[in-house]
Amino acid sequence: MKTMMRKITTMLIVTVFACVCLVGCGAISIDDVKGDWTLDTINGQSLADYGAAAGLDENALYLNWTIKDDCTIDSTNASVSGTLKMELKGNGFEATEDASGSKFSVEFDKDAGTLTYKVDQGGQVNTCVMKKGTFTPTAAEEPAADEGSSVDDGSTDETEENLDEGSTDEEYDEEYDEEGYEEDYEEGDYEEEYDEEDAQ
């Protein structure tokens, strides 16, 4: 009986020790990581520098997370938005994508205030570090309008002016033709009358 009690006591002590060790080794709570996070660096480079080397704009690389009390993550990047589920483990958590079911581990550094995870892209492993905050994409700048192609320039007025002048010339030609016709007609009558008098 005493031997059995000693075994039970020993097991309880070991269990308690294990729990204390788990807490002491950096176990986190949701309160430590909840809130807004944004991708800060990729392989130690800022998004702008990494994008410049890869021929990409930082607006195409951004990633925002909102970690909630119910251990879910609202994830948004340049191309898609989705939800991840998280399970707290040790000094970080395991994230699972709802859409694909893929999992990856995220490490929380309380002193640095960062979240770190790794992404394998075709055999190249990239280290991504997130910090508190939100990235707001900037709108692409529209090219300046070409003044020479403006529809409001002087060419429009000039065209309208030319059209007006053309219509005036056309009206003048019509009037001239009518007057000329009448004048020729009158001269013809005169010549015809003159010829009749000569005949007499």
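Scroll up to find the structure.
These figures come from a predicted structure and were not determined experimentally.

A.B. asks: Residue-level account of the overall build of the protein chain, with values.
C.D. replies: When helices and strands are tallied, the protein chain shows four helices and nine strands. What you see in the protein chain, going N to C, is helices and strands ordered as α-α-β-β-α-β-β-β-β-β-β-β-α. Sorting the 200 residues of the protein chain into buried and exposed places 20% on the buried side. Considering only contacts within the protein chain whose residues lie at least 6 apart along the sequence, 44% involve residues at least 24 apart.

A.B. asks: Summarise the environment of F104; cite the residues concerned and give the values.
C.D. replies: Along the polypeptide, F104 turns up in strand 7 (residues 103-109). The buried category is assigned to F104, whose relative accessible area is 17%. F104 sits 14 residues away from K118 along the chain, and the two C-alpha atoms are 7.7 Å apart. Beyond its immediate sequence surroundings of up to four residues, F104 is in contact with W65, L84, F93, E94, A95, E97 and Y117.

A.B. asks: Talk me through the nonpolar core; I want residue IDs and the actual numbers.
C.D. replies: Counting 26 residues, the largest nonpolar core has W65, I67, F93, L115 and Y117 as the members making the most contacts within it. Sequence-distant contacts of L115, defined by excluding residues within four places in its chain, comprise V33, W37, W65, I67, F93, V106, E107, F108, C128, V129 and M130.

Conventions and cut-offs
- Residues numbered from 1 in each chain as written.
- Predicted model: local features only at pLDDT ≥ 70, side-chain atom pairs only at ≥ 80, totals over all residues.
- Heavy atoms only, no water.
- Helix = DSSP H or I, 4+ residues; strand = E, 2+ residues; numbered from the N terminus.
- Buried < 20%, exposed > 50% of the residue type's maximum accessible area, 1.4 Å probe, protein only.
- Contact = heavy atoms within 4.5 Å.
- Core = buried A, V, L, I, M, F, W, Y, C linked by side-chain atoms within 4.5 Å.

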